[in-house]
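Letter by letter, the chains look like this.
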Amino acid sequence: MCGIVGYVGSRDCREILLKGLGRLEYRGYDSAGIAVLNGGLHVAKCAGKVRDLENRIAVAPPTGTLGIGHTRWATHGPPDDTNAHPHLSQSGRIALVHNGIIENYTALKQTLTAKGRTFQSQTDSEVVVQLIEEILASDPTLSFEAAIRLALRQVTGTYGLAIVHATEPGRLYVARRGSPLLVGLGAGESFVASDATPIVEYTNKVVYLDDGELAVIGPGTCEVRTIDDVPLTKEVHELALSLDAIEKGGYPHFMLKEIHEQPRAIADCLRGRLLPGGGVQLGGLSTVLDRIAQAPKLTIAACGTSWHSGLVGEYLIEHLARLPVEVEYASEFRYREPLLGDHDALLAISQSGETADTIAALREAKARGALSLGICNVVGSTLARETDAGVYTHAGPEIGVASTKAFTAQVTALVLLALALAHRRGTIDREGAATLADELAAIPAKIAAILAQEAAIKMLADRFTYAPNFLYLGRSFNFPVALEGALKLKEISYIHAEGYPAAEMKHGPIALIDRLMPVVVIAATAHTSDKMLANIEEVKARQGRVIAVTTPGQHEVKRLAEFVIEIPETLDALSPLLAVIPLQLLAYQIAVNRGCDVDQPRNLAKSVTVE
Ligand code: AGP
């Protein structure tokens, strides 16, 4: 979950590298650094963010037409100047940046130390650059590329690497195993990055590297071979990404922009897929829909917010298509010797398409013969390229670390999948399908109506900015929304928050309730409203502060709750798409009030590409 950039061409690369790192900071922001080749290798790096690095080099900015850069999320070694990337070999003639985890770095470091190599940092990454140099020193007849290849054969773990050698002024070397890397091809210049956001303003022509590949990048050229030195011909893709899509667009934070983009994101996710009368056209799944419909069950694997949307998917698919669904934490699923076979299907859900545990779960399911499916937001991501079939959410780039539009777009895709399966399995009639389709088509406008309450929700946030804890309660389709609301709050405001199925409160959490405990109660589904009333009474009886997210018709809920956020009526199955919006805004505003770094919360990164 670090960010890597590289440039080789005719322009001065410093600004290109720094701007690119700024676009990748959501992947990690403990420390940052660049290495520029100009005669020798000039390395500038420091703990902190890219702007700290810019301040550090302002006095004597390195210049050159070849360079690499890195923004770090620390895995081995604290985030300080020494552990920041790039790392130099002992001679100072090789510089390297790394995203991933070298699992056998301790053994390699011991071997290299025994050979007299000295290390500057505590990182696993530095072992790779020292190993490359040791291999070159042991056989000077080797090419630099061959030495890299030999080094990587000794390495276990994951890497995305960009490497430069002081004696090769026109060459960037990049390699990939488990951490994303793509190459942008411009006119007489080339770019390397962990994703497309640093590249899109210079070129829309990209080559995606796959695991086990090593590429030699020149100005406008890219030669790819396998780690076993087999030449490859890689497809050059055209990026659909636009520059303004990755700018803040006048919002103070990406997260707020992305919250407000949800009406458009859902409309884009539905476009061409939701047909009049309730038909569904999911092109990416058309060849496998029958196989999914006939599977004994559908397993969903994901992490974090995507796991929450998977839980909504379980309620949706079982409710509409009567197909058994099991939702798994990807990190648990992959180690459980899962009971999947040729007739099963696994759906991996991931905004980034690069979450290591989710990809590992997908590979585990594929190895057992299961059909592998994906719901993903990033075109060309690892998950998108490794699944048998899938659905893109078309939500546009999500830069804020806290996932918002990705969640609602994932749920939208899951509604479409559930409806498509219901048609295949004959569990929905024409009227039911048409009603669901009409309600789904109305969701973007209903979200816009909730967003119009932003000021009222801010006033509510102002009252609870310094609450020490929060409890979120929901039932049925909105139990996952309670989990999601709690995650949003804790990950950007650092307030401890828990989500629970509302009935579970009596089995322990009710002991937490006192007048200092705000309890967000999602009472937005008709079929659970009576029981939610009982829960609200139980909270009030213990002086808990009830914040109800509810619909206009829930008069008793509104009478009992201390604070009310109204959301429009919709079908119970679609209520998560609406109930989550106030919770996103509440978390956002509380975090802003607390002076937290909303887009780059401490200790987090947008894409968890390490296990
Ligand atoms: C959600 O707000 C968090 N940023 C995090 O839980 C995230 O959902 C999780 O890391 C999964 O990411 P993915 O969807 O890209 O796989």
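Within each chain, residues carry numbers counting from 1 in the order of the written sequence. pLDDT decides what is reported in this predicted model: residues at 70 or higher carry local features, side-chain atom pairs at 80 or more are listed and counted, and totals for whole chains, interfaces and linings draw on all residues regardless. Only hydrogens and water are set aside; all other atoms, that is, all heavy atoms of the structure, feed into the side-chain values.

*Asks:* So what exactly am I meant to see when it comes to unusual backbone geometry here?
*Replies:* In terms of backbone geometry, most residues other than glycine have negative phi values and most peptide bonds are trans. In this model, H85 is joined to P86 through a cis peptide bond whose omega is 5°. Numbered from the N terminus, helices here are DSSP runs of H or I no shorter than four residues, and strands are runs of E no shorter than two. The residue P86 is located in the loop between strand 4 (66-72) and strand 5 (87-88) in this model. Positioned with a positive phi, D229 is a non-glycine residue whose angle comes to about 70°. Following the sequence through the fold, D229 ends up in the loop between strand 13 (221-226) and strand 14 (231-232). For each residue, the accessible area found with a 1.4 Å probe, counting protein chains only, is set against the maximum for its type, and the residue is called buried under 20%, exposed over 50%, and partly exposed in between. By relative accessible area, which is 37% here, D229 ends up partly exposed. Non-glycine residue Q543 carries a positive phi angle of around 65°.

*Asks:* What is the right way to look at the nonpolar core in this model?
*Replies:* Generally speaking, nonpolar side chains in soluble globular proteins are found buried as a group. Definition used in this section: a nonpolar core is a set of buried Ala, Val, Leu, Ile, Met, Phe, Trp, Tyr and Cys residues joined via side-chain atoms within 4.5 Å. Judged by nonpolar contacts, the single largest core of 98 residues is most densely connected at L298, L373, F470 and Y472. We call two residues in contact when some of their heavy atoms are within 4.5 Å. Residues contacting L373, with those up to four places away along its chain left out, are L285, V288, I292, L298, A345, L346, L347, A348, L362, T387 and A389. In terms of nonpolar packing, the next biggest core, distinct from the first, is built from 31 residues, A32, V50, L182 and I199 among them.

*Asks:* Is there a simple way to explain the packing of helix 9 (residues 304-321) against helix 16 (residues 479-493) in this structure?
*Replies:* If you want to describe how two helices pack, look at the angle between their axes and the distance between the axes. Only C-alpha atoms enter the line fits that serve as axes; for helices the fit covers just the stretch in contact. Angles between N-to-C directions range over 0 to 180 degrees. The contact between helix 9 and helix 16 brings their axes to 8 Å, and the two run at 170°. Of the possible angle classes, the one that applies to helix 9 and helix 16 is roughly antiparallel. The segment helix 9 lies against helix 16, with G304, T305, W307, H308, L311, V312 and Y315 engaging F479, P480, L483, E484, L487 and K488. Residues are grouped as follows: Ala, Val, Leu, Ile, Met, Phe, Trp, Tyr, Cys and Pro are nonpolar; Asp, Glu, Lys and Arg are charged; all remaining types, including Gly, are polar. Looking at side-chain class alone, the contact of helix 9 with helix 16 contains eight nonpolar, three polar and two charged residues. Any angle that is under 35 degrees is reported as roughly parallel, and any over 145 degrees as roughly antiparallel; angles of 65 to 115 degrees are reported as roughly perpendicular and all others as oblique.

*Asks:* Teacher, can you tell me more about the sheet that holds strand 17 (residues 325-329) here?
*Replies:* Two modes of strand pairing occur in sheets, parallel and antiparallel, and in both the strands are linked by backbone hydrogen bonds. One requirement defines pairing of two strands: DSSP has to find at least two bridges between them. With parallel pairing, the five strands of this open sheet are ordered in space as 17-16-18-19-20. On the outer flanks of this sheet lie strand 17 and strand 20 (389-392), each paired with one strand and no other. Sheet twist, expressed as the average angle between the axes of neighbouring strands with direction ignored, equals 20°. Against the sheet, helix 11 (residues 356-367) touches strand 16 (298-302), strand 18 (345-350) and strand 19 (371-376), its axis set at about 165° to strand 18. With respect to the sheet, helix 13 (residues 405-425) is in contact with strand 18, strand 19 and strand 20, its orientation differing from that of strand 18 by roughly 155°.

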